[in-house]
Amino acid sequence: MWRLRRAAVACEVCQSLVKHSSGVKGGLPLQKLHLVSRSIYHSCHPTLKLQRPQLRTSFQQFSSLTNLPLRKLKFSPIKYGYQPRRNFWPARLATRLLKLRYLILGSAVGGGYTAKKTFDQWKDMIPDLSEYKWIVPDIVWEIDEYIDFGHKLVSEVIGASDLLLLLGSSGETAFRATDHGSESDKHFRKGLLGELILLQQQIQEHEEEARRAAGQYSTSYAQQKRKVSDKEKIDQLQEELLHTQLKYQRILERLEKENKELRKLVLQKDDKGIHHRKLKKSLIDMYSEVLDVLSDYDASYNTQDHLPRVVVVGDQSAGKTSVLEMIAQARIFPRGSGEMMTRSPVKVTLSEGPHHVALFKDSSREFDLTKEEDLAALRHEIELRMRKNVKEGCTVSPETISLNVKGPGLQRMVLVDLPGVINTVTSGMAPDTKETIFSISKAYMQNPNAIILCIQDGSVDAERSIVTDLVSQMDPHGRRTIFVLTKVDLAEKNVASPSRIQQIIEGKLFPMKALGYFAVVTGKGNSSESIEAIREYEEEFFQNSKLLKTSMLKAHQVTTRNLSLAVSDCFWKMVRESVEQQADSFKATRFNLETEWKNNYPRLRELDRNELFEKAKNEILDEVISLSQVTPKHWEEILQQSLWERVSTHVIENIYLPAAQTMNSGTFNTTVDIKLKQWTDKQLPNKAVEVAWETLQEEFSRFMTEPKGKEHDDIFDKLKEAVKEESIKRHKWNDFAEDSLRVIQHNALEDRSISDKQQWDAAIYFMEEALQARLKDTESAIENMVGPDWKKRWLYWKNRTQEQCVHNETKNELEKMLKCNEEHPAYLASDEITTVRKNLESRGVEVDPSLIKDTWHQVYRRHFLKTALNHCNLCRRGFYYYQRHFVDSELECNDVVLFWRIQRMLAITANTLRQQLTNTEVRRLEKNVKEVLEDFAEDGEKKIKLLTGKRVQLAEDLKKVREIQEKLDAFIEALHQEK
């Protein structure tokens, strides 16, 4: 009952306040009543009953405010009408005390909420350290599962004011964690705190209504002062925020630096505890091998190759290479001031490793990137490889240089540095340089899974950019493009309006779109700066930069380290999304190729170009070994016949015929000895070596080109021919062979003693063959000179030409002369020539003296050879006279002795050459063949040129696709294990 009376009294107070208020028209609404009065629930106010039915029950049970008298309401500066004073001084005293308490508690509520919001903002600004969990020992993470440091900190901040109610999902949940009292205390605290929160809201609403009712009392100066104060607070908060971000950045870099040596030791260990890290280390290497195999599979960048890689593109001298060096943490690329240095694509695979080293795909040499001499050697090697790739008449090349860089703390990814895009072709460049660079860049960027790292020079006008238009064509929606603004330090210094930098980073200046925008500094332009010096300069610049202080740039958008983390994340995300689809496409390709092979070559093994080369290599070496199995008799017969064919003309024309013109045997032998000695000293040994070398070539060629029946594979013919030619070109006969051979030949020709009748007959047979061959050649020459005889003219309807008729008349006249004097010397006298010419003129034939001499040479040669053959037949029975040195005999057979000496010299020379061939030269040739095969094995272009055909190409494609699929499957398996 007393509660009802108190409520009635409160209602009377409100009514009297409304009635006696002066200067206010109409009734005063309930919201303008005193806060304490409004906090007491009026039985006649339906709105309050509907709004707080639960708190009313709680209030009546536990609140002590219902028993307190009310104090007089006082508004300032509004003055209301007179109100009778009532004797409620205890209520007024309690109201003042409670108001002070409510203000304190309300401030605590606001302060706690502000503290929580600030903490959440700081927590969001902290970089994600999940990638660096390996830095902290595992025991820390095990402890962290049981101890929540962040929640404890928040609890301490908010718990100091006993306002955990604001941090939980509901007040009841928050109190459940801290209250250990009785159930009634829980209800009491919940009801009291709810009233405090309601009173705080009512206080704020009352003050706002009072300010609106009183008008705008604050002057423009106060508003301006308040704005200035707010701006200063904002600047201060931004400064604190920047310092906090930089602080976390420095802490993270310090942790990385302190643990670098530890990572080296960990990566060097081989125990079970780091198996997972070993898998991560080798994962990027496995992926890089897949890309290398794909590059070999199709050097023109097959459209089926949609595996991700980071493609670094930009205008020339925009800083592409410098950004890549900062990511690789080493100055590994050639440097130049303003000139084109990147002349071919360079694929750089970054991976973890205990030591900071670099090595090429096709080389085993490791370059220590911590040593300046190795860095210089690496830059020189890259420059040499680029120049080697560039063909004559070109400036750039599409051929890729593959480089692996390993080191602790490197982000695992594959980057491709492309030649810089140019706008104008300068002197010294090929005319198609600009188009070639565009085609190379488009070929890499058109891969739908390639991440485009677009590099833009911040120190030049944005309107001069060429690469942004190219990138926007390849990736119009910006789903796989990361934009990097370089040389921001120069841009901030030179750009009149820093807002342009902000527009670039926000993606509002260029027409292209991107996943992210970054601003970096890659040094002061000094090529001798180290990576550490550049990094320190970059951090110092951004720490003092106005771009960060004025929030034009955000902390996560600056430094190459943040760029490296972002690119690595995008790269691996793209890899995980696309690699399995690529593996499926190669499985389908493999099935198609295997089906085609079975249909076309069902009985042949799938030998690729390397395997076919090994097979051909074994066949060629077997054929070289077969040379050693040639019988000595076969070698000597071939050598003797070939040597006589080479020297027979010299022997007949320069030795035998001049000696045969002498009058007696003494002069004949003297002439023969002199000419044989001259011939042996100057020509014979060299001719013999040439014959032996040609014979070796012919036999080697015969073994190489001889069909092997059904086992013969014509796919090796080009290769065998090339090996044969190159081996013969490289082979050189022993220089000392001629000297030793000269002595042997001279001794053989000095011998004149024929031991038996069999040798004598063999010499006569040899002489007859030689003279008959010469006689046949002479008669053929005379026939060509005089034309066909009467039989051929009648049977084959052939006629003589005018010149042939003249030669025929001359021949007939000369033959008459020889019949008259069969022992005529070899040369015509002048009067004889005149006589022949006059006799022909008398028959109406005009001839020249030179024609008479030419005809005489052939006519006399035929006459002499026929006479020599007749004499040879007479000498068949002359061996008896030879043994008696032709004493008391009219028969002279010195010409038979000459041919016996020649024949014996040929036999001895052939035997000597055969020994040298089988003992020395065949082995040297085999060695040369092996060297040629080894050189061809290392020359891929040679193998592609010499081993051709549909069968080879199909087997080659099948092998590559299988290798790609197997490597992709292994990589996918390792990738799933890493997840």
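What you see is a predicted model; the values in this text were computed from it and never measured.

**Student:** Quick rundown of the pairing of strand β5 (residues 401–406)? Include the residues and the values.
**Tutor:** Of all six residues in β5, five are buried; the element is thus mostly enclosed. Relative to β5, strand β2 (residues 346–351) runs parallel, the two being bridged by six bridges. Within the sheet, the bridge partner assigned to leucine 350 lies in β5 and is valine 405. Pairing between strand β3 (residues 357–360) and β5: four bridges, direction antiparallel. Bridging across to β5, leucine 359 finds its partner in asparagine 404.

**Student:** Give me the lowdown on the state of the cysteines, citing residues and values where you can.
**Tutor:** Summed over the entire model, instances satisfying the criterion amount to one disulfide. Disulfide pairing is shown between cysteine 875 and cysteine 893; the S-S distance is 2.2 Å. Its S-S torsion of approximately -100° makes the covalent link between cysteine 875 and cysteine 893 left-handed. You can see cysteine 875 sitting in the loop between α32 (849–874) and α33 (879–883) and its partner cysteine 893 sitting in the loop between α33 and α34 (894–938), a full 18 residues away along the chain. Owing to a relative accessible area of 0%, cysteine 875 belongs among the buried residues under this scheme. Cysteine 893 sits in the buried class, given a relative accessible area of 0%.

**Student:** Outline the environment of leucine 418, listing residues and values.
**Tutor:** With respect to the secondary-structure elements, leucine 418 resides in the loop between β6 (413–417) and α15 (433–445). Judged by relative accessible area, leucine 418 falls into the buried class, the value being 0%. Once residues lying within four places of it in the same chain are set aside, the contact partners of leucine 418 are Val311, Val312, Val313, Lys320, Thr342, Pro345, Ile440, Ser441 and Tyr444.

**Student:** Give me the nonpolar core: which residues, what numbers.
**Tutor:** Ranked by size, the top nonpolar core spans 99 residues in total, and within it Trp644, Tyr656, Trp679, Trp760, Ile902 and Val929 carry the most contacts. Among the elements that make up this core, the one with the highest residue count is α34 (17 residues). The contact partners of tyrosine 656, leaving out residues within four places of it in the chain, are Val651, Met767, Leu771, Phe864, Ala868, Asp895, Leu898 and Phe899. Grouped together as the second largest cluster of nonpolar side chains are 66 residues, Val293, Leu410, Met413 and Ala974 included.

**Student:** If you had to explain a nonpolar patch on the surface to someone new, which residues and values would you point to?
**Tutor:** Together, Trp790, Trp794, Leu795 and Tyr796 line one region of the surface with nonpolar side chains, adding up to about 610 Å² of accessible area. With relative accessibility at 52%, the residue tryptophan 790 sits in the exposed group.

**Student:** How would you explain unusual backbone geometry if you had to name every residue and give the values?
**Tutor:** Although it is not a glycine, serine 317 adopts a positive phi angle of roughly 65°. Tracing the chain through its elements places serine 317 in the loop between β1 (310–314) and α13 (320–328). For lysine 487, which is not glycine, the phi torsion reads 55° and is therefore positive. A relative accessible area of 24% means that lysine 487 is categorised as partly exposed.

**Student:** I'd like to hear about the pattern of salt bridges, residue by residue, with values.
**Tutor:** The final tally for this structure, using the stated rule, is 38 salt bridges. Residue lysine 959 is joined to aspartate 608 by a salt bridge in which the shortest nitrogen-to-oxygen separation is 2.7 Å. Of this pair, lysine 959 sits in helix α36 (residues 950–978) while aspartate 608 sits in the loop between α21 (560–600) and α22 (609–626), and the two are 351 residues apart along the sequence. For glutamate 809, the salt bridge is made with arginine 843, and the minimal N-O distance between the two is 3.6 Å.

**Student:** So, the sheet that holds β3: which residues are in play, and what are the values?
**Tutor:** The strand order across the open sheet built from nine strands is β4-β3-β5-β2-β6-β1-β7-β8-β9, with neighbouring strands paired in mixed fashion. Each edge of the sheet is formed by a strand with only one pairing partner; in this case those strands are β4 (367–368) and β9 (516–519).

**Student:** Give me the lowdown on the side chain of histidine 824, citing residues and values where you can.
**Tutor:** Turning to its location among the elements, histidine 824 is positioned in the loop between α30 (802–820) and α31 (830–842). Residue class for histidine 824 comes out buried when judged on its relative accessible area of 5%. When residues no more than four places from it in sequence are discounted, the contact partners of histidine 824 are Met817, Leu818, Glu832, Trp856 and Tyr860.

**Student:** Please give an account of the pairing of β6 that cites residues and values.
**Tutor:** Most of β6 is tucked away, with five of its five residues classed as buried. Residues Met413, Leu415 and Asp417 line one face of β6 and the alternating positions Val414 and Val416 line the opposite face, and both faces are buried. Relative to β6, β1 runs parallel, the two being bridged by three bridges. Across the sheet, the residue bridging to valine 310 is leucine 415, located in β6.

**Student:** I'd like a rundown of the confidence of the model for the chain, residues and numbers included.
**Tutor:** Chain-level statistics for the chain give a pLDDT mean of 75 and a share of 71% at 70 or above. Within the chain, the lowest mean pLDDT, 34, falls on helix α8 (residues 171–178), and the highest, 92, falls on β1. Across residues 299–303, confidence stays below pLDDT 50; counting only partners more than four residues off in sequence or on other chains, it has five contacts.

**Student:** Tell me about the packing of aromatic side chains, and name the residues and values.
**Tutor:** On inspection of all chains with the given rule, the structure shows 15 aromatic pairs. Ring geometry for tyrosine 860 and phenylalanine 864: centres 6.5 Å apart, planes at 25°, overall stacked. Linking tyrosine 860 with phenylalanine 864, this pair stays in helix α32, spanning four residues, or about one helical turn. An aromatic cluster of three or more residues is present, and its members are Trp644, Tyr656, Phe766, Trp856, Tyr860, Phe864 and Phe899.

The rules behind the values
Residues numbered from 1 in each chain as written. Predicted model: local features only at pLDDT ≥ 70, side-chain atom pairs only at ≥ 80, totals over all residues. Heavy atoms only, no water. Buried < 20%, exposed > 50% of the residue type's maximum accessible area, 1.4 Å probe, protein only. Helix = DSSP H or I, 4+ residues; strand = E, 2+ residues; numbered from the N terminus. Pairing = 2+ DSSP bridges. Disulfide = S-S within 2.5 Å. Contact = heavy atoms within 4.5 Å. Core = buried A, V, L, I, M, F, W, Y, C linked by side-chain atoms within 4.5 Å. Patch = residues over 30% accessible without salt bridge, like charges linked within 9 Å, V, L, I, M, F, W, Y side chains within 5 Å. Areas by Shrake-Rupley, 256 points an atom, 1.4 Å probe, with all protein chains shown as cover. Salt bridge = Lys/Arg side-chain N within 4 Å of Asp/Glu carboxyl O. pLDDT = per-residue confidence, 0-100. Phe/Tyr/Trp six-rings, centres within 6.5 Å; stacked < 30°, edge-to-face > 60°.

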